[in-house]
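Residue-level structure breakdown
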Amino acid sequence: MQPDGLFMAGGNFLPEEMMPDMWDYNSGNYFLNITFLPFVEVAYRCTLFKGEYKAGNKWQQDRSVSIRLRPLKERRFLPSVVVGSNDAFTTNEINTFKETNGNRYFSSVYVVATKNIPFGGNVLGITAGSYLFSKNSLYKGIFGGIRFTPSFLKPVSVIAEYDSNNVNVGVTARWFNHLSVHVFAYDFKAVSCGLRYEFQLLNK
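Everything in this summary refers to the structure shown in the same document. Everything quoted here is computed from the prediction, not taken from an experiment. (Residues numbered from 1 in each chain as written. Predicted model: local features only at pLDDT ≥ 70, side-chain atom pairs only at ≥ 80, totals over all residues. Heavy atoms only, no water.)

Considering the overall build of the protein chain
- Each helix and strand counted, the protein chain has zero helices and 12 strands in total.
- For the protein chain, the sequential pattern of α-helices and β-strands runs β-β-β-β-β-β-β-β-β-β-β-β.
- Going through the 204 residues of the protein chain one by one, you find that 38% of them count as buried.
- For the protein chain, restricting intrachain contacts to residue pairs at least 6 apart in sequence, the fraction spanning at least 24 positions comes to 39%.
- Here the protein chain displays about 12,200 Å² of accessible surface, and carbon together with sulfur accounts for 63% of that area. (Helix = DSSP H or I, 4+ residues; strand = E, 2+ residues; numbered from the N terminus. Buried < 20%, exposed > 50% of the residue type's maximum accessible area, 1.4 Å probe, protein only. Contact = heavy atoms within 4.5 Å. Areas by Shrake-Rupley, 256 points an atom, 1.4 Å probe, with all protein chains shown as cover.)

As for unusual backbone geometry
- A positive phi is found at Asn177, a non-glycine position, where the angle reads about 65°.
- Along the chain, the position of Asn177 falls in the loop between strand S10 (167-175) and strand S11 (179-186).
- For Asp187, which is not glycine, the phi torsion reads 55° and is therefore positive.
- With respect to the secondary-structure elements, Asp187 resides in the loop between S11 and strand S12 (190-200).

So, the pattern of salt bridges
- Here the structure, examined in full by the defined rule, presents five salt bridges.
- Close ionic contact of Arg68 with Glu41 constitutes a salt bridge, the shortest N to O distance being 3.6 Å. With Arg68 in strand S4 (residues 56-72) and Glu41 in strand S3 (residues 40-53), the pair connects residues that are 27 residues apart, well separated along the chain.
- Arg68 gets classed as partly exposed once you look at its relative accessible area, which sits at 30%. (Salt bridge = Lys/Arg side-chain N within 4 Å of Asp/Glu carboxyl O.)

Points about the nonpolar core
- Leu14, Met18, Met19, Trp23, Tyr25, Phe49, Phe106 and Tyr186 together form the largest nonpolar core, which totals eight residues.
- Among residues more than four places away in sequence, those in contact with Tyr186 are Glu17, Met18, Asp163, Asn166 and Asn168.
- Listed in part, the six residues of the second largest apolar core include Tyr110, Val112, Tyr139 and Phe143. (Core = buried A, V, L, I, M, F, W, Y, C linked by side-chain atoms within 4.5 Å.)

Examining the side chain of Ser80
- Residue position: Ser80 is located in strand S5 (residues 80-86).
- Contacts of Ser80, omitting those with residues within four sequence positions, involve Arg70, Leu72, Lys73, Glu74, Val112, Ala113 and Thr114.

Topic: the pairing of S10
- When strand S9 (residues 156-162) meets S10, the two strands line up antiparallel, connected through seven bridges. Within S10, the position partnered with Val158 by the bridge is Val171.
- Hairpin geometry of S9 and S10 is characterised by an intervening segment of four residues between the two adjacent antiparallel strands and by a positive phi of about 90° at Ser164.
- Pairing between S10 and S11: eight bridges, direction antiparallel. (Pairing = 2+ DSSP bridges.)

The values reported here are purely geometric and, on their own, carry no functional implication.
Encoded structure:
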């Protein structure tokens, strides 16, 4: 969950290996994200795909909305708990729990817990969660990950995760308090990367 009042915008390179079946080519996306309440985060994402029309094979975009709700904030001895949904609704089918997929290519509903453990100036973040109502999802079952941020290089974090299908590892770095870049190996078969700009809408 992002801090309250944070706005983010960015884009990602998405290799074919990590895309749904209809993507038999490398793609990308761009997004806007805002946390406008301490417990609500909303994102709007467009993923590029090729559509066949009379004028030829043109790039189009699949639009999707994601939302996260945090019923429990992280405490000293308790993790934060977040319930979220990606690509839950579509113009072809607004009921996210129906088996018909429509064009919800990235559909998922999940619950996740995260705990950050500081030690010696370092921070170890541990996350565990499960996908819910996952008939239409690329991912099913449990997932989790760890993030390590060293005390001597706090803008940089090393991440490893299991997304319910594959193990992915990567690194993220933040520059000048506003610009973040990440690079990761998807199942050690392909490399994805992304860039985002962020700033605080609310000064506290």
